[in-house]
Amino acid sequence: SQTIHQWPATLVQPVGSPLSLECTVEGTSNPNLYWYRQAAGRGLQLLFYSIGIDQISSEVPQNLSASRPQDRQFILSSKKLLLSDSGFYLCASLVRGRAGEQFFGPGTRLTVL
Amino acid sequence: AQSVTQPDIHITVSEGASLELRCNYSYGATPYLFWYVQSPGQGLQLLLKYFSGDTLVQGIKGFEAEFKRSQSSFNLRKPSVHWSDAAEYFCAVGSPSSGSARQLTFGSGTQLTVLP
């Protein structure tokens, strides 16, 4: 079975500072990976997805970027954080052969002050 | 494009009462359908899913959902709610023909409060 690690679990950053959130996946190979953001009281917004190393698709234009330097590592970054970047960031992995089912990590709570 | 509507933002039920959470989707064919649950500060956990076959699907924690093609609905039910069921519930739709991306579209969620 899959396991997804996300770190840090919580982060408080000032406006204008850089960001790096990491997601690593165990128990599967060559997974599709996804970054979602969940703002307070709102649903999930898909930010990026990746079907392989260095293959990133962006769903929403913003000041965030994503990278996938290794098969099971997915990184979310920003050069300068905005207040509106605050939220709960979730990494997910596609469960192969399970009809589109996604498996989610525990999330990172980001507060931008 | 596919979309998901969860018309109830917040539902309150008493412990032991029955529960139904509504989900309507928009998609040209039969989609893959999912219900996830999220406890505060946690990731999402899959409750159940439908992709073909029997339209009544059973999930974990005593939940079930019924796919109704004519109503474009996939409502979640539980006959007797427990206090531990208090959480946020998300309905999601996926496309069998989404190619390699396999994206899911999520509803905005329904927050469930359980009264003792």
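For the structure given in this document, a descriptive report is provided here. (Residues numbered from 1 in each chain as written. Chains lettered and ligands numbered in written order. Predicted model: local features only at pLDDT ≥ 70, side-chain atom pairs only at ≥ 80, totals over all residues. Heavy atoms only, no water.)

1. Some words on the state of the cysteines
All names here are of chain B. Stated precisely, the cut-off is as follows: Count a disulfide wherever a pair of cysteine sulfur atoms falls within 2.5 Å. Strands here mean DSSP runs of E at least two residues long; helices mean DSSP runs of H or I at least four residues long; both are numbered from the N terminus. Buried, partly exposed and exposed residues are distinguished by accessible area as a fraction of the type maximum, computed with a 1.4 Å probe on protein chains only: under 20%, between the cut-offs, and over 50%, respectively.
Applying the stated criterion to the full structure yields two disulfides over all chains. Covalent S-S linkage joins Cys23 and Cys91, the inter-sulfur distance amounting to 1.9 Å. Negative torsions about the S-S bond denote left-handed disulfides, and the value of about -65° found for Cys23 with Cys91 makes this one left-handed. Remark: Cys91 occurs in strand β10 (residues 87-94) and Cys23 occurs in the loop between β3 (19-21) and β4 (24-26); sequence separation between them is 68 residues. Assigned by exposure class, Cys23 and Cys91 land together as buried.

2. Some words on the pairing of strand β7 (residues 64-70) of chain A
Along a regular strand, successive side chains alternate from one face of the sheet to the other. Rules: The criterion for strand pairing is that DSSP finds at least two bridges linking the strands in question.
Of the strand pairs in this sheet, β7 of chain A and strand β8 (residues 73-78) of chain A are connected by five bridges, and their pairing is antiparallel. Its bridge partner being in β8 of chain A, Ser67 of chain A is matched across the sheet by Ile75 of chain A.

3. Quick word on the environment of Ser20 of chain A
All names here are of chain A. The test is simple: Any pair of residues with heavy atoms lying within 4.5 Å of one another is described as a contacting pair.
When you line up the elements, Ser20 lands in strand β3 (residues 19-26). Under the relative-accessibility criterion, Ser20 is labelled partly exposed at 47%. Here the alpha-carbon distance between Ser20 and Ser77, two residues 57 residues apart in the chain, equals 4.5 Å. Residues contacting Ser20, with those up to four places away along its chain left out, are Pro8, Ile75, Leu76 and Ser77.

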